[in-house]
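Spelled out, the chains give:
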Amino acid sequence: MNVSRRIVLHFPPNITEQPVVYRLVKDFGLTFNILKASVSPGEEGLLVMELSGEQKNYDKGIKYLTETGVEIQSLSQDVVRDESRCTHCGACITICPTEAFSLEPKTRKVLFDHNKCVVCGLCVKACPPRAMILHF
Amino acid sequence: MAKTIAEINEKIRKGKAVVVTAEEVISIAKEKGVSRAAEEIDVVTTGTFGPMCGSGAFFNIGHSRPRIKLGGGKVYLNDVPVYAGIAAVDVFLGATALPDDDPRNKFYPGEFNYGGGHVIEEMVAGKDIRLTATAFGTDCYPRKKLETLINIKDINEAILFNLRNAYQNYNVAMNLSDKVIYTYMGVLKPNLGNANYSTAGQLSPLLNDPYYKTIGVGTKIFLGGGIGYVAWHGTQHNPTALRGDNGVPRRGSGTLAVIGDLKQMKPEWLVGTSMLGYGCTLTVGIGAPIPILSEEILRYTMVSDADILAPIVDYSEAYPQLKPDILGEVSYAELKSGRIKVQGKDVPTGSLSSYPKAMEIASILKKWIEKGEFLLAEPVAPLPGVESGITFKPLKERPIGD
């Protein structure tokens, strides 16, 4: 069975220089999609990613991460759109750093691609009718 | 071929009027030719849906027993202060009013999650609203304190009265500075990072009637999902603004004051709105029907996004300092492509006005007219035009002295 989860990884300063993600791919056959990264040598690193693979390998990968000293949290926040409040104005489009919003050319409606969202929350307060909601 | 409004109304009554939206008319008139299109089309419907701060509502809440004179007292609706300096139980709620305890921009940028516009939306939605008031008490109005729930269906009048709506063209806002700024035109990223605009362009009421030849005082319109009327020209109405060869203003120019019974409006067309770091307002839906009385009037309604130019204004310096400088002009066709070129930089664009909602308004109004439910009203007075010489004046500050 395949699983796909969004997780937040906290790297202690001593392992930010190790190729942790590479090992996940090489040793456990997992695929990843980095949603957000803040890694500087010598400092605590943060990586938000979607990790996918077979359940068995996924569990092994998580075990490997834990043993290496990486602290793992599931991505507990999620940004969703309240369709009843969205007026499709487009104020969010240029605010989003990952271009999760786009215009449907024909109808000029604003599309929200949840997969591109990194849950930064910038759109939540920039949305004039407050249609973007941060879920915990 | 000149038609009259009375003749068009006769056709509407019979269910025979030919009605098209301001978007549809562009291709129809090109295909059929102006003269045939003007002959066949009776009404062109327009629409716009954007934040309009010049909005507000009057309420007459009815007299309590014993009576209280709110006039001269302090009155709040859901903690948002309303203006009570009128008759005993009349109040005015402005779209930008904020609760006294809102932190404003103390924690910059302020969030402004709830204000006058939101109270109007909830009122229209039929929700109970908390009214709290204190007054000084008189012989005929002895009561000094009032706390009650009110509901739009119970109070005597609820009148939407927007002093300035439906701007004929508007600025495109950008930011030349090196830090993010929070404006009524949205969040503007530094170093020309984005460009925000706010009109429906080719669908916008006054851009389809640039010289106010059909829209005047008394024109019946779609307002907030119900029926309203043009009450007057809006404040800051500026008919003498720079115009293109097609007559279309290239700067913010004409405006409308509009009025209507709030009780028959709908919350989806009057949306409480929060502008980060700026304040609260109300997003208003307006649509005006344009009777095709002549070929000339039809020709104006054929205006397309490519024919409408807007000025690009720097909101970090030129706008706040009231400097007339602009960074250039850009058409709505370019703005709607999603990217524009400004000072050699490729910039993404965003809108504060919803085109899909504007389209929906024009379509709803079209349906009302086709079904014979909405007759056109003959204006009782024109809006001041170019010949009025009216301009938009800055404040002339003078020292008060001692």
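Residues numbered from 1 in each chain as written. Chains lettered and ligands numbered in written order. Predicted model: local features only at pLDDT ≥ 70, side-chain atom pairs only at ≥ 80, totals over all residues. Heavy atoms only, no water.

What follows deals with the sheet that holds strand E6 (residues 80-82) of chain B. Residues and elements named next belong to chain B. Spatially, the four strands line up as an open sheet ordered E6-E5-E8-E9, and their pairing is antiparallel. Edge positions in the open sheet fall to E6 and strand E9 (145-150), since each of these has one partner strand only. Pairwise comparison of adjacent strand axes, ignoring direction, gives a mean angle of 25 degrees for this sheet. Along the sheet face, helix H4 (residues 116-124) touches strand E5 (74-77), E6, strand E8 (129-134) and E9 and points at about 125 degrees away from the line of E8. (Pairing = 2+ DSSP bridges. Helix = DSSP H or I, 4+ residues; strand = E, 2+ residues; numbered from the N terminus. Axes fitted to C-alpha atoms, helices over the stretch in contact; angles between N-to-C directions. Contact = heavy atoms within 4.5 Å.)

Bringing the pairing of strand E24 (residues 339-342) of chain B into the picture now. Two faces, one strand: in a regular strand the side chains alternate between the faces of the sheet. Residue and element names in this part refer to chain B. In E24, alternate side chains face the same way, and those of Ile340 and Val342 are buried while those of Arg339 and Lys341 on the opposite face are not. When E24 meets strand E25 (residues 345-351), the two strands line up antiparallel, connected through four bridges. Its bridge partner lying in E25, Arg339 is registered against Pro348. Between E24 and the antiparallel strand that follows it, E25, lie two residues; Gln343 among them carries a positive phi value of about 50 degrees. (Buried < 20%, exposed > 50% of the residue type's maximum accessible area, 1.4 Å probe, protein only.)

All names here are of chain B. Of all the residues in helix H2 (residues 24-32), the buried ones are Val25, Ile26 and Ala29. Relative to the axis of H2, the buried residues are bounded by an arc of 105 degrees and lie together on one face. Summarising the contacts, the buried residues of H2 are in contact with strand E1 (19-21), helix H3 (34-40), strand E2 (43-45) and helix H5 (295-301). Downstream of H2 by one or two residues, Gly33 has phi in the positive range, about 90 degrees. (Arc of directions from axis to C-beta.)

Next up on the list: the nonpolar core. Residues and elements named next belong to chain B. Counting residues in hydrophobic clusters, the biggest one holds 87 residues, and the most contacted among them are Phe59, Ile61, Leu77, Leu262 and Leu298. Three or more residues apiece are contributed to this core by two domains, here domain 1 (5-52 + 161-386) and domain 2 (56-160). If near-sequence neighbours (up to four positions away) are discounted, Leu77 is found in contact with Phe59, Val82, Leu93, Val119, Met123, Ile129, Arg130, Leu131 and Ile150. (Core = buried A, V, L, I, M, F, W, Y, C linked by side-chain atoms within 4.5 Å. Domains from an automatic or database assignment.)

You can read the domains of chain A as domain 1 (2-74) and domain 2 (78-135). The C-alpha-based centres of domain 1 of chain A and domain 2 of chain A are spaced at 28 Å.

Next up on the list: the domain arrangement of chain B. Residue and element names in this part refer to chain B. Domains assigned within chain B are domain 1 (5-52 + 161-386) and domain 2 (56-160). In this complex, domain 1 contributes 27 residues to the contact, which on the side of domain 2 involves 30 residues. Contact with domain 2 buries surface across domain 1, with Leu262, Lys263 and Cys280 losing the most and accounting together for 32% of the total. For the pair domain 1 and domain 2, the number of links is zero salt bridges. (Buried area = accessible area lost by both parts, 1.4 Å probe. Salt bridge = Lys/Arg side-chain N within 4 Å of Asp/Glu carboxyl O.)

Turning our attention to the environment of Gly61 of chain A. Residue and element names in this part refer to chain A. Along the chain, Gly61 turns up in helix H2 (residues 55-68). We classify Gly61 as buried; its relative accessible area is 0%. The sequence separation of Gly61 and Cys96 amounts to 35 residues, and the corresponding C-alpha distance is 31 Å. Apart from residues lying up to four places away in sequence, Gly61 is in contact with Leu24, Phe28 and Leu30.

Turning our eyes to something else, we now look at the sheet that holds strand E3 (residues 45-54) of chain A. Residues and elements named next belong to chain A. Strand order across the open sheet formed by four strands is E2-E3-E1-E4, with antiparallel pairing between neighbours. Edge positions in the sheet fall to strand E2 (31-38) and strand E4 (71-74), since each has one partner strand and no second. Across this sheet, the average inter-strand angle for adjacent strands is 25 degrees, counted without regard to direction. Where strand E1 (residues 2-11) lies against E4, four bridges are found, and the strand directions are antiparallel. Each bridged residue has a counterpart across the sheet, and for His10 the counterpart in E4 is Glu71.

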